[in-house]
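Spelled out, the chains give:
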Amino acid sequence: IFETAPFKECHASTIAETKDGSLLAAWFGGTQESDTDVEIWVSESKNGQWTAPKSVANGVISNSERYACWNPVLYRTDAKTISLYYKVGPNPRAWWGMVIHSNDEGKTWTKPERLPYGILGPIKNKPIKLTSGVIISPSSVETENREWHAHIERSVDNGQSWKKIEIDPTNPAKVIQPTLLTYSGGKIQALLRSNQNCIMESWSADEGKTWTPLAKTSLLNPNSGIDAVTLKSGLQVLVYNPAISGKEWSNGRSKLNVAVSADGKKWKDLLKLEDEQSGEFSYPAVIQSSDGLVHIVYTHNRKTIKHVALKF
């Protein structure tokens, strides 16, 4: 998306489509993750050309208090509004949720608003809107004693208010950063990053009100961020780091795959986006645009954000 930028490092990108078919991407960038100069940056792509990164949010509280920004998520709330959710705080255990809105397809943004107490917003991956109009936002918390718990934040009034619903809260497995897929019959699948050396899953059959116990999938993963999307055809597309023997966290992020499934149970690796012995290619975000193309953005060695378009 860019080769030079006014920041040293970047991470955690997100992508959305505008009304005219162009693309918006956002990410956090600064000296280094968690540094107080880390801000939220946005770029727009028209006819394959990305604009220079522009800062749209920072963590300035006062003249003497400033925190890092984290994990932006772009989401079209309605026909007029694109929302950009993000976090502000010293670390993922003490951050809080923020949101800004654009009514002109990302050209300008509203004054930042803090989300209600206990609501963090989408933690890494995009919300989904069901045919009923219910919005389900995938979220999670990381506590001071290093516990991880996933939940969804559910809205029946187009994002004006939210209800937090836990996903298997008593399970000792650490799970965060869900991504959501939809199926016929109203079923919803949450795929989750975990510390179990694999992607875990939970299902809902009542529009996100209740969720099945967490279970391991066949997808091996080194505790790294994932994202997925349900295509108009019903095919499920997942972008993830496959497990590398003996490695996890940042040392296991040098390979990045695209997998597909018809039922969410049997997955087939379709494409290797990255296949290196070292480096970091991580935290993907994926959408399908109105022309049917599948767009993926991801961290490329913390130096830039890479964009890939696929035709299925």
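Note that the structure is a prediction, hence the values are computed from the model and not measured.

Student: Got a minute to help me understand the overall build of the protein chain in this structure?
Tutor: Scanning the protein chain for helices and strands turns up zero helices and 26 strands. The C-alpha radius of gyration of the protein chain comes to 18 Å, within 12% of the 20 Å expected for a compact globule of 312 residues. Here the C-alpha coordinates of the protein chain stretch approximately 50 × 45 × 45 Å along the principal axes. Nonlocal contacts in the protein chain, meaning residues at least 24 apart in sequence, comprise 44% of its contacts between residues at least 6 apart. Roughly 13600 Å² of accessible area belongs to the protein chain as shown, and the carbon and sulfur atoms make up 50% of that amount. Taken as two groups, the 36 positive and 33 negative side-chain charges of the protein chain have centres that lie 2 Å from each other.

Student: Help me out: how do you make sense of the packing of aromatic side chains in this one?
Tutor: Any pair of aromatic rings gets described here by the distance separating the centres and the angle formed by the planes. Applying the stated criterion to the full structure yields eight aromatic pairs. Plain terms: the ring middles of Tyr67 and Trp96 are 5.6 Å apart, the flat faces sit at 80 degrees to each other, and that makes the pair edge-to-face. Highlighted residues: Tyr67 in the loop between strand E7 (65-66) and strand E8 (68-76) and Trp96 in strand E10 (residues 96-102), separated in sequence by 29 residues. Here Trp96 falls in the buried class, since its relative accessible area comes to 15%. Judged by centre distance (5.5 Å) and plane angle (70 degrees), the ring pair of Trp70 and Trp95 falls under edge-to-face. One end of the pair, Trp70, is in strand E8; the other, Trp95, is in the loop between strand E9 (82-89) and E10, and 25 residues separate them in sequence. Following the ring pairs from residue to residue traces out a cluster consisting of Phe2, Phe7, Trp27 and Trp41. Against the face of Tyr283 rests Lys124, its NZ or CZ located 5.4 Å from the ring centre. One residue, Lys174, lies across the ring of Trp148, its end atom 5.7 Å from the ring centre.

Student: Looking at this structure, I do not really get the nonpolar core. What am I missing?
Tutor: As a rule of thumb, soluble globular proteins bury nonpolar side chains together. With 26 residues, the main nonpolar core has Ile40, Val56, Leu74, Leu84, Tyr86, Ile100 and Trp109 as its most contacted residues. Breaking this core down by element, the ones donating at least two residues are strand E1 (9-17), strand E2 (23-30), strand E3 (39-46), strand E5 (54-57), E8, E9 and E10. Once residues lying within four places of it in the same chain are set aside, the contact partners of Leu74 are Thr14, Ile15, Ala16, Leu24, Ala25, Ala26, Ile82, Ser83, Leu84, Trp109 and Lys126.

Student: Is there a simple way to explain the sheet that holds strand E18 (residues 198-204) in this structure?
Tutor: One key point about sheets: their strands pair by backbone hydrogen bonds, in either a parallel or an antiparallel sense. Pairing is antiparallel across the open sheet formed by four strands, whose spatial order is E16-E17-E18-E19. Since the sheet does not close on itself, it has two edges, and those belong to strand E16 (175-182) and strand E19 (215-220), each with one partner. Each strand of the sheet is rotated relative to its neighbour by a mean of 35 degrees, with strand direction disregarded. Where E16 lies against strand E17 (residues 188-194), six bridges are found, and the strand directions are antiparallel. Residue pairing in the sheet places Val175 in a bridge with Ser194 of E17.

Rules and cut-offs
- Residues numbered from 1 in each chain as written.
- Predicted model: local features only at pLDDT ≥ 70, side-chain atom pairs only at ≥ 80, totals over all residues.
- Heavy atoms only, no water.
- Helix = DSSP H or I, 4+ residues; strand = E, 2+ residues; numbered from the N terminus.
- Rg over C-alpha atoms; globule rule 2.2 N^0.38 Å.
- Contact = heavy atoms within 4.5 Å.
- Areas by Shrake-Rupley, 256 points an atom, 1.4 Å probe, with all protein chains shown as cover.
- Lys, Arg positive; Asp, Glu negative; His and termini not counted.
- Charge placed at Lys NZ, Arg CZ, Asp CG, Glu CD.
- Phe/Tyr/Trp six-rings, centres within 6.5 Å; stacked < 30°, edge-to-face > 60°.
- Buried < 20%, exposed > 50% of the residue type's maximum accessible area, 1.4 Å probe, protein only.
- Lys NZ or Arg CZ within 6 Å of the ring centre and 35° of its normal.
- Core = buried A, V, L, I, M, F, W, Y, C linked by side-chain atoms within 4.5 Å.
- Pairing = 2+ DSSP bridges.
- Axes fitted to C-alpha atoms, helices over the stretch in contact; angles between N-to-C directions.

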